[in-house]
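Chain and residue survey
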Amino acid sequence: MDWSVMGKTVLITGAARGIGAESARRLAARGANVALVGLEPEELARVAAHCGTNAAWFECDVTDWDALERAVQGAVERFGGIDVVMANAGVGPVGMTRSIDPKAFERTVEINLLGVWRTVRTCLPYVIERRGYVLVIASLAAALHGPGMAPYAASKAGAEAFANSLRSEVKHLGVDVGVGYFGYIDTDMVRGADAHPAVGSMRGKTPGPIKRTYPVSAVGQAVADGIEGRRRWVVVPRWIRPLLVMGTALAPLVERASFD
């Protein structure tokens, strides 16, 4: 299905940097209104300036219901409604389950899973009204679970499951739901994970193209195309599609590349 974003409003969480910011720029270039939601006012303002006059930004923590409701209402007041919600905000601490700070583990779930639920739930009435599209950003880690990433993998797998259930709930209302699956992308989050000596070493042992880093521009392009196509899966790189089916079979390869 081709569905131009020209004149449509896309609300994006985690829009200050990385995938969220790049997706906003790509969508704005295609004529979309973009409502940028995140925690860094200066960065949000910078991204909004790059997006042009049809951009607005709202400082918001996705773990805060009231803040989310204010941001969504602000977007509706500015643009008249919401056609697309892209639940993208996320964090990715690294560390072994036996040693990671419990607060860091639980905050990851709070942001990556409950933050997605809160974002989608708050926007959903407006998206349904416009028979729009929901894009939940998961990760390759939702399907392929490596060591040192337990909170991230668990939260992203939960976000994927949430999106899959939601899809069957809203299809008859004219709303489509997609999931974003991305490998290692050149973002602050991935660079931070690579700096961890154990996780960086594990990645180096990972077989084949799984360990390659891809430019954030490729994800921005895929997201813009995915929204306009109202796609079920948005993937970077392309080989993730068969990997989603083969994930169970490939799990032993990841385990073989792990460490004591």
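Preceding block: the structure.
Please read these numbers as outputs of a predicted model, since none were measured by experiment.

Right, let's talk about the pattern of salt bridges for a bit. As enumerated under the stated definition, the model contains 11 salt bridges in all. Measuring nitrogen to oxygen at the nearest pair gives 3.0 Å for the salt bridge that ties E22 to R26. Of the two residues, E22 and R26 both sit in helix α1 (residues 18-29), four residues apart, roughly one turn of that helix. You can call E22 buried: its relative accessible area is 12%. With a closest N to O distance of 2.9 Å, R30 and E228 form a salt bridge. Of this pair, R30 sits in the loop between α1 and β2 (33-38) while E228 sits in helix α8 (residues 216-229), and the two are 198 residues apart along the sequence. One network of salt bridges, in which partners are shared, links E22, R25 and R26.

So, about the side chain of K8. Structurally, K8 can be placed in the segment before β1 (9-13). Buried charged residue K8 carries no salt bridge. Nearest counter-charge: D83, at 5.8 Å. When neighbours within four sequence positions are excluded, K8 is seen to be in contact with W3, A32, N33 and D83.

With 28 residues, helix α4 (residues 102-129) ought to run about 40 Å at 1.5 Å a step, and its terminal C-alpha atoms sit 40 Å apart, in line with that. For α4, the principal kink sits at C123 and spans about 45 degrees; a proline, P125, occurs within the next four residues. For α4, the full list of buried residues reads T108, I111, N112, G115, V116, R118, T119, V120, T122, C123, L124 and V127. Among the residues of α4, the N-terminal cap falls to D101, whose side-chain oxygen and the backbone nitrogen of K103 are separated by 2.9 Å. Among the residues trailing α4, R131 stands out with phi positive, at a value near 50 degrees.

What counts, and at which threshold
- Counting of residues starts from 1 at the beginning of each chain's written sequence and follows it residue by residue.
- Local features in a predicted model are, by the rule used here, given only for residues with pLDDT of at least 70; side-chain atom pairs are given and counted only at 80 or more, and totals for whole chains, interfaces and linings are based on all residues.
- Computation of side-chain values covers all heavy atoms of the structure but excludes hydrogens and water.
- Note on definitions: salt bridges are taken to be side-chain nitrogens of Lys or Arg within 4 Å of carboxyl oxygens of Asp or Glu.
- A helix here means a DSSP run of H or I that spans at least four residues, while a strand means a run of E at least two residues long, and both kinds are numbered starting from the N terminus.
- Relative accessible area decides the class of each residue, using a 1.4 Å probe on protein chains only: under 20% of the type maximum gives buried, over 50% gives exposed, and in between gives partly exposed.
- In this count, Lys and Arg are taken as positive residues and Asp and Glu as negative ones, while His and the chain termini are left out.
- The contact definition used throughout considers only heavy atoms, calling two residues in contact when any of these lie within 4.5 Å.
- How far a helix is expected to stretch is found by multiplying one less than its residue total by 1.5 Å.
- Values of bend correspond, residue by residue, to the angle between axes fitted over the seven residues ending at that residue and the seven starting there.
- Side-chain atoms alone can form a polar contact between residues adjacent in sequence; in general such a contact is a pair of N or O atoms within 3.5 Å, and within protein one must be able to donate a hydrogen while the other accepts it.

These figures come from the coordinates and say nothing about function on their own.
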